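So you can see what is in the structure, the chains are spelled out below.
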Number of protein chains: 2
Amino acid sequence: MGTEFDIRNFLKERKRLVDDAIKKYFSDANPFFEVMYYSTEGGKRIRPILAITSYEANRGTDFEHILPIACGLELIHTYSLIHDDLPSMDNDDFRRGKASAHKRFGEARAILSGDGLFAYAFELFTYAKGADEDKIAVIKAVSEAIGPKGVVYGQTLDIKEYNRPDPRILRSIHLNKTAKFIAVSIQVGAIMARASSRIINELYKAGLLMGMLFQYTDDILDVIGEKECLGKTPGKDKDAGKLTAPSVYGLDGARFRARRYAEMAKSRFTSFGKEFEIFNHITDFILKRTY
Amino acid sequence: MGTEFDIRNFLKERKRLVDDAIKKYFSDANPFFEVMYYSTEGGKRIRPILAITSYEANRGTDFEHILPIACGLELIHTYSLIHDDLPSMDNDDFRRGKASAHKRFGEARAILSGDGLFAYAFELFTYAKGADEDKIAVIKAVSEAIGPKGVVYGQTLDIKEYNRPDPRILRSIHLNKTAKFIAVSIQVGAIMARASSRIINELYKAGLLMGMLFQYTDDILDVIGEKECLGKTPGKDKDAGKLTAPSVYGLDGARFRARRYAEMAKSRFTSFGKEFEIFNHITDFILKRTY
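Calculation notes
- Residues numbered from 1 in each chain as written.
- Chains lettered and ligands numbered in written order.
- Predicted model: local features only at pLDDT ≥ 70, side-chain atom pairs only at ≥ 80, totals over all residues.
- Heavy atoms only, no water.
- Helix = DSSP H or I, 4+ residues; strand = E, 2+ residues; numbered from the N terminus.
- Rg over C-alpha atoms; globule rule 2.2 N^0.38 Å.
- Buried < 20%, exposed > 50% of the residue type's maximum accessible area, 1.4 Å probe, protein only.
- Areas by Shrake-Rupley, 256 points an atom, 1.4 Å probe, with all protein chains shown as cover.
- Lys, Arg positive; Asp, Glu negative; His and termini not counted.
- Charge placed at Lys NZ, Arg CZ, Asp CG, Glu CD.
- Salt bridge = Lys/Arg side-chain N within 4 Å of Asp/Glu carboxyl O.
- Least-squares fit on C-alpha atoms with pLDDT ≥ 70 in both.
- Contact = heavy atoms within 4.5 Å.
- Buried area = accessible area lost by both parts, 1.4 Å probe.
- Polar contact = N/O pair within 3.5 Å; in protein donor to acceptor, adjacent residues only side chain to side chain.
- Phe/Tyr/Trp six-rings, centres within 6.5 Å; stacked < 30°, edge-to-face > 60°.
- Axes fitted to C-alpha atoms, helices over the stretch in contact; angles between N-to-C directions.
- Parallel < 35°, antiparallel > 145°, perpendicular 65-115°, else oblique.
- Left-handed = near helix turned anticlockwise from the far one by under 90°.
- Nonpolar A, V, L, I, M, F, W, Y, C, P; charged D, E, K, R; others polar.

Q: Explain the overall build of chain A to me, and be specific about the residues and the numbers.
A: Of the regular secondary structure elements, chain A holds 13 helices and 2 strands. Expected size for 291 residues packed as a compact globule is a radius of gyration near 19 Å; at 18 Å, chain A falls within 12% of this value. Evaluated residue by residue, chain A yields a buried proportion of 60% over its 291 residues. For chain A, the exposed area adds up to about 11,500 Å²; of that, 49% sits on carbon and sulfur atoms. For chain A, the centre of its 44 positive side-chain charges and the centre of its 40 negative side-chain charges are spaced 3 Å apart.

Structure below.
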């Protein structure tokens, strides 16, 4: 894996795996599956790709051990976007390049489609091949990362208004809303590949750094990004009192800190050995992303 | 267990177990846990009581195998009530004898507190003592019962308007919205007590009948019940086009069918032997309930 490595192609291949699997899981006669599927389409599939990549880096060989879990992570991410876009939350009409769920189906069915994706994700977790012990470890780690000690808590902090740019709160928002979920996505790949608990824990820590980087670039793109590239409305974070990396550190300060998170993440991934080099490529990809 | 059996006391004792355990699970420093806990207070705890009772009837002896799961069921039920009460859904300001979550905390935090309870429920499932194989079976059964093939699907049918009283759709609403969740609550007790797969399946079927009964009495109480007893606003189902047991069968027809579901449920429970007689008492209690 030299400088020639084509990261875009690597991501594209794994994205196709995820897209195909999700499509399969939604080929149900129940008409409500179509409503849920609508919002899953068009995602970058970052979290499932991280799970699969980690599984491969940890010498996992049977995708049936990781693919249902990877897809479950994407459904959970999708549910959080649907609820986040609601009028009482961020009130965003545009997501993944099309009308957001509540614009397309109305608020009630949007909320329910999020709830349905949430439940279905946990059902998918149980579909994975492999030891029940590993699946329970995955369910424990994921439910912690996405619940009131993770994503949901981060969201409650994120929707508040702040009268001063508090870096401590910003860090807590980023850590809870984004970094823990990114970190756990990498972690579950290691769990399902039966890596040592040392590796499982260390990968989580490296994943937190990648997750912080991810949210920094998200905040930066909200300022400088184009709607067509992002597939969502940029400039949403300008609302008075919203804490973001640029609002706390300025655009240059946010970029500087993003680069630093990328360096710290890569230094950790490098320490795990050659199989994990791919995570350095993904880290650089996130640092430079335009969508 | 003769005619003297005090079902109210039986339910009260198990309710206390559940109330205490839930309180313990919410003694976290994180202030958002208080917001979530608010909505869990005041419930009848029917689903966790059914899980515990089934565990006991199936000769389970260590409550640590079932209590975290029983509490998780209650958190899931609570999340569904919070989302169901939202302005874009049933728009109910009153629940469990106090202001509903969105009236108390605003819509955004209400939605998030539901999401948080949902995630935390699955975390609690992993806390149960016992074999990982059993816990995975529980998570599979519960996620199916509450997701797009169960509760959430029932809700999507329930919020629609119908221009004629269609008994087939009413049955599908009751089955998906209520009966499957009640049935799975009984089923998980049997799973965690390591009952035979025959008993696990048969109890599920009996539970469906009890669940249908439960929703019939719910629909009837919405017509004849008192706000003080119900802890929620009666008469909500009168909205034009809402399908309920009385709107389809009339009040007397609904009562007749409720009694029939009770008889069918009891006949099944009786066939399982003396340990399951308690379910007949619970069935009668549900038939006669006033709240």
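Having put the structure on the table, let's press on.
Q: Which residues make up the pattern of salt bridges, and what values go with them?
A: Summed over all chains, the structure comprises 56 salt bridges over all chains. Arg 14 of chain A serves as the salt-bridge partner of Glu 13 of chain A, at 3.6 Å between the closest nitrogen and oxygen. Note that Lys 135 of chain B is salt-bridged to Asp 132 of chain B, the shortest N-O span being 3.5 Å. Placement of both Lys 135 of chain B and Asp 132 of chain B in helix H7 (residues 132-146) is noted, with a separation of 3 residues, approximately one turn of the helix. We classify Asp 132 of chain B as partly exposed; its relative accessible area is 25%. Through salt bridges with shared partners, one network takes in Lys 15, Asp 19, Arg 45, Glu 74 and Arg 96 of chain A.

Q: Describe in detail the relation of the copies chain B and chain A, supporting the description with residues and values.
A: With an RMSD of 0.0 Å, the operation that places chain B on chain A is a rotation of 180° combined with a shift of 0.0 Å along the axis. Between the two chains, the operation in question is that of a two-fold axis. Taking the C-alpha atom as reference, chain B places Asp 132 of chain B closest to the rotation axis, 2.8 Å from it.

Q: I'd like to hear about the interface of chain B and chain A, residue by residue, with values.
A: It is common to report an interface's size as the accessible area lost on association of the parts. Contact residues are listed per partner, giving 41 residues for chain B and 41 residues for chain A. Summed over both partners, the interface of chain B with chain A comes to about 3,700 Å²; 75% of that surface belongs to carbon and sulfur atoms. On the surface where chain B and chain A come into contact, there are 2 salt bridges. Two residues, Glu 123 of chain B and Lys 149 of chain A, come together in a salt bridge whose shortest N-O distance is 2.7 Å. On inspection of chain B and its partner chain A, the count reaches 8 residue pairs in polar contact (both at pLDDT 80 or more). Within the residue set of the side of chain B that touches chain A, elements represented by two or more residues are helix H2 (32-40), helix H4 (67-84), helix H6 (107-127), H7 and helix H8 (151-158) of chain B.

Q: Explain the environment of Arg 59 of chain A to me, and be specific about the residues and the numbers.
A: Residue and element names in this part refer to chain A. Take Arg 59: it is sitting in the loop between helix H3 (46-57) and helix H4 (67-84). For Arg 59, a relative accessible area of 62% puts it in the exposed group. For the pair formed by Arg 59 and Glu 123, sequence separation is 64 residues and the distance between their alpha carbons is 25 Å. Here Glu 275 takes part through its side chain, which lies 2.7 Å from a polar atom of the side chain of Arg 59.

Q: Residue-level account of unusual backbone geometry, with values.
A: Most peptide bonds are trans, and most residues other than glycine sit at a negative phi. Backbone geometry places Arg 59 of chain A, a non-glycine residue, at a positive phi of 65°. Positive phi, normally seen in glycine, also occurs at Asn 91 of chain B, with a value near 50°. Checked against the element boundaries, Asn 91 of chain B lands in the loop between H4 and strand S1 (94-95).

Q: Kindly report on the packing of aromatic side chains, identifying the contributing residues and their values.
A: Aromatic ring pairs are described here by two measures, namely the spacing of the ring centres and the angle between the planes. All names here are of chain B. Following the criterion strictly, the structure yields 33 aromatic pairs over all chains and no others. Ring plane angle 85° and centroid distance 5.3 Å describe the contact between Phe 33 and Tyr 120, whose orientation is recorded as edge-to-face. Here Tyr 120 lies in helix H6 and Phe 33 lies in helix H2, a separation of 87 residues in the sequence. A residue is classified by how much of its surface remains accessible, and Phe 33, at 1% relative accessible area, is buried.

Q: If you had to explain the packing of helix H6 (residues 107-127) of chain A against helix H7 (residues 132-146) of chain A to someone new, which residues and values would you point to?
A: Residue and element names in this part refer to chain A. The contact between H6 and H7 brings their axes to 10 Å, and the two run at 155°. Compared by their axis directions, H6 and H7 come out roughly antiparallel. For the element pair H6 and H7, the recorded crossing hand is right-handed. Listed contacts from H7 to Phe 118, Phe 122, Phe 125 and Thr 126 of H6 are Lys 135, Ile 139, Val 142, Ser 143 and Ile 146. A class-by-class count of the residues in the contact of H6 with H7 yields 6 nonpolar, 2 polar and 1 charged.

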